[in-house]
Amino acid sequence: MEMTGLQIFKYLPGAKKEPQANCKECGCPTCMAFALKLAKQNIELSKCPYATAELNEKYLHSIKHPQKTIEIKGLKIGGENVLYRHEKTFINRTILAVLVDCDKLDYQNILNRINEFEIKGVNEIFHVDLVILQNYQKNKSIICNVPTITLEEFETYDLIKIFNKDFHKTKEQLITTRKKAILEKDDNYSNPVCVFMGEKLDLYNTCAQASYYICKYANMLVFEQFDEAMFSTLITLRQNIYTDPQKPLQVESNLYEFNNPDKNSIVFLTTNFALTFFAVANELESLNIPSYLIVIPAEGMSVLTAWSAEKFTAQIVANTLKKLDIKNRINTRTIIIPGLLAHMTEELNEASPDFNFIVGTHEASAIKDFVKKLQL
Ligand code: SF4
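Residues numbered from 1 in each chain as written. Predicted model: local features only at pLDDT ≥ 70, side-chain atom pairs only at ≥ 80, totals over all residues. Heavy atoms only, no water.

Asks: Please clarify how the overall build of the chain should be interpreted in this entry.
Replies: Within the chain, the regular secondary structure consists of 15 helices and 15 strands. Against the globule reference of 21 Å for 376 residues, the chain gives a C-alpha radius of gyration of 28 Å, more extended than a compact globule. Seen through its C-alpha atoms, the chain measures out along the principal axes to roughly 80 × 75 × 35 Å. The 376 residues of the chain split such that 44% are buried. Sequence-distant contacts, at least 24 apart, represent 66% of the contacts inside the chain between residues at least 6 apart. By element, 50% of the accessible surface of the chain is carried by carbon and sulfur atoms, the whole surface being about 20,200 Å². Between the averaged position of the 42 positive side-chain charges in the chain and that of its 45 negative side-chain charges there is a distance of 5 Å. (Helix = DSSP H or I, 4+ residues; strand = E, 2+ residues; numbered from the N terminus. Rg over C-alpha atoms; globule rule 2.2 N^0.38 Å. Buried < 20%, exposed > 50% of the residue type's maximum accessible area, 1.4 Å probe, protein only. Contact = heavy atoms within 4.5 Å. Areas by Shrake-Rupley, 256 points an atom, 1.4 Å probe, with all protein chains shown as cover. Lys, Arg positive; Asp, Glu negative; His and termini not counted. Charge placed at Lys NZ, Arg CZ, Asp CG, Glu CD.)

Given below as C-alpha cells:
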C-alpha cells in the first residue's frame, strides 16, 4: 500500500519536534505540506535533507509497483496493483491466447476459425488476443489476422508459467502468487502469471476452470483448443471483471438510425449511458416504423444523473445538434426527449429554436404505446 501523508509526516522533523521542523528547505511551507505532496508523488523525497533512512526505505517500498507489466505483440500483461477490483480497478485484462500446433494437418482450419471469430461489445469488437504457433517453420504458410508469436519467442518472456494439471493446485498457486506480489511486493512473484490450460480437459471443465482463473488471478491463459462458444463465454466474463467500475459504459454521441429512416422520420433523444442507449435502441428497433435516436454526450451518465451533474444541459444539446448537423440531415423538427427531463422543455426550445422538443416517456418500455398515440 502507498503511504498516506500522515504516515509520511510521522517520520519528518515536524512530527518529532526537531530543530529543523518546518525549515522550508524542501520548498514547502511545513513538513505536513511536504508529506502530503510526497504522498501524491508530486515531490522527491530527496528534497528534504532531514529525511531518515527508515523513511526512505519505507517510502520506496510503498511506491514500488507490485506487479510488472510485460508487453507481447502490443498486448499489455500484468501491472495489477490490487487484489480486488472494488479496491481500485484491475488494469490489464487477462489475455486469452490459443496455442496452434503447425505440425497438425488442420492447423490452418483452426486459424481460419480464429480469424472469423469476433464478438461485438459496446464500443469494441473482441477477438482472440494472441495465437502462439508451435512447431512453426518459416516455409509454412500462415494466414492469421490476430497477433501471432512463435512458441520459442513466447518462452523468452519473463512470465510465471503454471501448467494446469490440477485445478486446486493451480488455484492455490495463482492466489499465493498474487498475494505475495501485491501484499508483500515480493520480487520473486512480481512477474505476470500465465496458465497453460492443457489439452486433457473437456470443454466444459476447461471453460469452468478458466472462468475461475480469470477471476483469480491469471494475467494470461493459453488454450490448446479453440471453441467459439467457450471464448464467447470467457470474453463476456472477462469484460464484466475488467471493466473499470469508476467509468460508466458509454456509447458514441451520434445520430443512430432504426428501420431505414428517411428525412421525415420520428426523432428521439437520450444520453450516451450505454444501458439507457440500449434500452431505447431495442425498443426503437422493435417498432415497425423508421426512427432516429440522437445521443447526447453526457460522460456516460443516465438521464437524471447527467442533468443533476450539469452534463445534460440545453446548451450541450444545442451544441450536439449543431455538431451532428441535424438541421440539414433530417427534415423532422420535433424531437422527443426522455420523460424525466420534462422540466427542461422550455430551455431546450429556447437554446435550439429550430426544433420543437416534446416530452416522451419515463421508461423505454412505454415508447411503443407512446408512438401509437402520437400517430393517431
Ligand atoms: Fe520539513 Fe524537511 Fe521540508 Fe524542512 S525540508 S520543512 S524538515 S520536510
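That covers the picture; the talk isn't over yet.
Asks: What is the right way to read the side chain of Thr206 from this model?
Replies: Structurally, the position occupied by Thr206 is in helix α8 (residues 203-215). On the basis of relative accessible area, Thr206 is assigned to the buried category, the value being 1%. With residues up to four places along the chain from it excluded, the contact list for Thr206 reads Met197, Leu201, Phe223, Gln225 and Met230.

Asks: What exactly am I supposed to notice about a nonpolar patch on the surface here?
Replies: Where nonpolar side chains cluster on the molecular surface, the patch consists of Val122, Leu249 and Phe278 and spans about 220 Å² of accessible area. For Val122, the location among the structural elements is in the loop between β4 (119-120) and β5 (125-126). Overall, the relative accessible area of 32% leaves Val122 in the partly exposed class. (Patch = residues over 30% accessible without salt bridge, like charges linked within 9 Å, V, L, I, M, F, W, Y side chains within 5 Å. Salt bridge = Lys/Arg side-chain N within 4 Å of Asp/Glu carboxyl O.)

Asks: It is not clear to me how the site of the ligand should be interpreted in this structure. Could you clarify?
Replies: Taken together, Pro13, Gln20, Asn22, Cys23, Lys24, Glu25, Cys26, Cys31, Phe34, Cys48, Pro49 and Tyr50 make up all the residues around the ligand. Grouping the constituent residues of the shell around the ligand by class yields 8 nonpolar, 2 polar and 2 charged. (Near = heavy atom within 4 Å. Nonpolar A, V, L, I, M, F, W, Y, C, P; charged D, E, K, R; others polar.)

Asks: Help me out: how do you make sense of the sheet that holds strand β11 (residues 255-258) in this one?
Replies: Strands pair in a sheet through their backbones, by hydrogen bonds, and they do so in one of two ways: parallel or antiparallel. Pairing in this open sheet of 5 strands is mixed, and the strands run β11-β13-β12-β14-β15 from one edge to the other. With one partner strand each, in any of the chains shown, β11 and β15 (356-359) form the two edges of the open sheet. Across this sheet, the average inter-strand angle for adjacent strands is 30°, counted without regard to direction. Relative to strand β14 (residues 334-337), strand β12 (residues 266-271) runs parallel, the two sharing 2 bridges. Looking at the pairing, Phe268 lines up with Ile336 of β14. Across the face of the sheet, helix α10 (residues 274-286) comes into contact with β11, β12 and β13 (291-296) while running at roughly 175° to β13. Across the face of the sheet, helix α12 (residues 314-323) comes into contact with β12, β13, β14 and β15 while running at roughly 125° to β13. (Pairing = 2+ DSSP bridges. Axes fitted to C-alpha atoms, helices over the stretch in contact; angles between N-to-C directions.)

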